[in-house]
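Spelled out, the chains give:
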Amino acid sequence: MFAIIQAAGWPIWPLLFASIVATALIIERLITLRRQRIIPDGLVDKVVGELRQAAPTPEMINRVALSSPLGRVLAAGLRNIRSSREIMKESIEESGRAVSHDLERFLTTLGTIASISPLMGLFGTVVGMIEIFGSQAPGGSNPQQLAHGISIALYNTGFGLVIAIPSMIFWRHFRSTVDGMVIEMEQQAIRLVEVVHGDRR
């Protein structure tokens, strides 16, 4: 591995740094964006069951808010349970936007890495081509310098693509996952509003 890094030259170091950051972000998002952690099963039914027994207390609302991102959205509605349907929905939507923003954390960085990695690889290719042309002397070419320039060009191009492809795949996957979870949270929150205002049982 170290021999490959040496052969690729100094342009490989920014790519290595980008690969470490991308790997860390992918692992962090895989752990964070688990469905059971974001939208626990039966949370809305549990909240509705407690509401039918007694009015929500500050302790109950805080417990729901701390349980999960969906709990934060439901807690916003519970804090405005005595308000009109419109105000309750508005508070849920505001909390939903904040939760959605939190779920999308680091995705911009991952998308940026996916976009710029091929460009960084291309930069390494240009550096390699400069070395190749630099090895062409009037009296003949230096084979060792020529080989080094080709190594820089090819290794950097390949490594840039190796970073970009999985980063783009995971970025699209995480975006789709977040969008799906946000829609599901909206549906569950609307169900709570309808139950509170007597439109659903």
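Just so you know, these numbers come straight off a predicted model, no measurement behind them.

S.K.: What is the right way to look at the pattern of salt bridges in this model?
M.R.: Close approach of charged atoms allows side chains with opposite charge to pair. In total, this model carries 7 salt bridges according to the counting rule given. E28 is the salt-bridge partner of R29, the closest N and O atoms lying 2.6 Å from each other. Here R29 falls in the buried class, since its relative accessible area comes to 1%. Note that R35 is salt-bridged to D41, the shortest N-O span being 3.1 Å. Relative accessible area serves as the criterion here: at 36%, R35 is assigned to the partly exposed category. Through salt bridges with shared partners, one network takes in E28, R29 and R105.

S.K.: I'm lost on the confidence of the model for the protein chain in this one. Help?
M.R.: Parts of the model with low pLDDT should not have their predicted coordinates read in detail. With 90% of its residues at a pLDDT of 70 or more, the protein chain has an overall mean of 87. Within the protein chain, the element-level pLDDT minimum falls on strand 2 (residues 140-141), averaging 60, and the maximum on helix 2 (residues 12-32), averaging 94.

S.K.: Just checking my understanding: could you explain the nonpolar core for this structure?
M.R.: One broad rule of soluble globular proteins: the nonpolar side chains tend to lie buried together. Of all hydrophobic cores here, the largest spans 42 residues; its most connected members are V47, L70, L74, L78, L103, M185 and L192. Looking at which element gives the most residues to this core, the answer is helix 9 (residues 143-196), with 10 residues. Once you skip the residues sitting within four places of it in the chain, V47 turns out to touch M60, V64, L74, L78 and L192.

S.K.: Can you help me understand unusual backbone geometry in this one?
M.R.: One can expect most non-glycine residues to show negative phi and most peptide bonds to be in trans. Positive phi is not limited to glycine here, since F106 has a value of about 75°. Within the element layout of this structure, F106 appears in the loop between helix 7 (85-103) and helix 8 (107-134).

S.K.: Sorry, what's going on with the packing of helix 6 (residues 69-79) against helix 9 here?
M.R.: In a packed pair of helices, the relevant descriptors are the angle between the two axes and the axis-to-axis distance. Close contact between helix 6 and helix 9 brings their axes to 10 Å; oriented N to C, the two are set at 30°. When the axis of helix 6 is compared with that of helix 9, the two are roughly parallel. Note that helix 6 runs across helix 9; the crossing there is right-handed. Of helix 9, the residues touching helix 6 (which contributes P69, L70, V73, L74 and L78) are M185, Q188, A189 and L192. When the residues that make up the contact of helix 6 with helix 9 are grouped by side-chain class, the tally is 8 nonpolar, 1 polar and no charged.

S.K.: Any chance you could explain the packing of aromatic side chains here in plain terms?
M.R.: What characterises a pair of aromatic rings is the spacing of the ring centres plus the angle enclosed by the ring planes. A complete count under the given rule lists 2 aromatic pairs for this structure. Ring centres of W10 and F123 lie 5.7 Å apart, and the angle between their planes is 65°; on these two criteria the pair is classed as edge-to-face. Pair noted here: W10 is in the loop between helix 1 (2-8) and helix 2 and F123 is in helix 8, with a separation of 113 residues, a long-range link. Look at W10 and you get exposed, because its relative accessible area is 52%.

S.K.: What is the right way to look at the environment of L16 in this model?
M.R.: Along the chain, L16 falls in helix 2. Separated by 143 residues in the primary sequence, L16 and F159 place their C-alpha atoms 8.6 Å from one another.

Calculation rules
- Residues numbered from 1 in each chain as written.
- Predicted model: local features only at pLDDT ≥ 70, side-chain atom pairs only at ≥ 80, totals over all residues.
- Heavy atoms only, no water.
- Salt bridge = Lys/Arg side-chain N within 4 Å of Asp/Glu carboxyl O.
- Buried < 20%, exposed > 50% of the residue type's maximum accessible area, 1.4 Å probe, protein only.
- pLDDT = per-residue confidence, 0-100.
- Helix = DSSP H or I, 4+ residues; strand = E, 2+ residues; numbered from the N terminus.
- Core = buried A, V, L, I, M, F, W, Y, C linked by side-chain atoms within 4.5 Å.
- Contact = heavy atoms within 4.5 Å.
- Axes fitted to C-alpha atoms, helices over the stretch in contact; angles between N-to-C directions.
- Parallel < 35°, antiparallel > 145°, perpendicular 65-115°, else oblique.
- Left-handed = near helix turned anticlockwise from the far one by under 90°.
- Nonpolar A, V, L, I, M, F, W, Y, C, P; charged D, E, K, R; others polar.
- Phe/Tyr/Trp six-rings, centres within 6.5 Å; stacked < 30°, edge-to-face > 60°.

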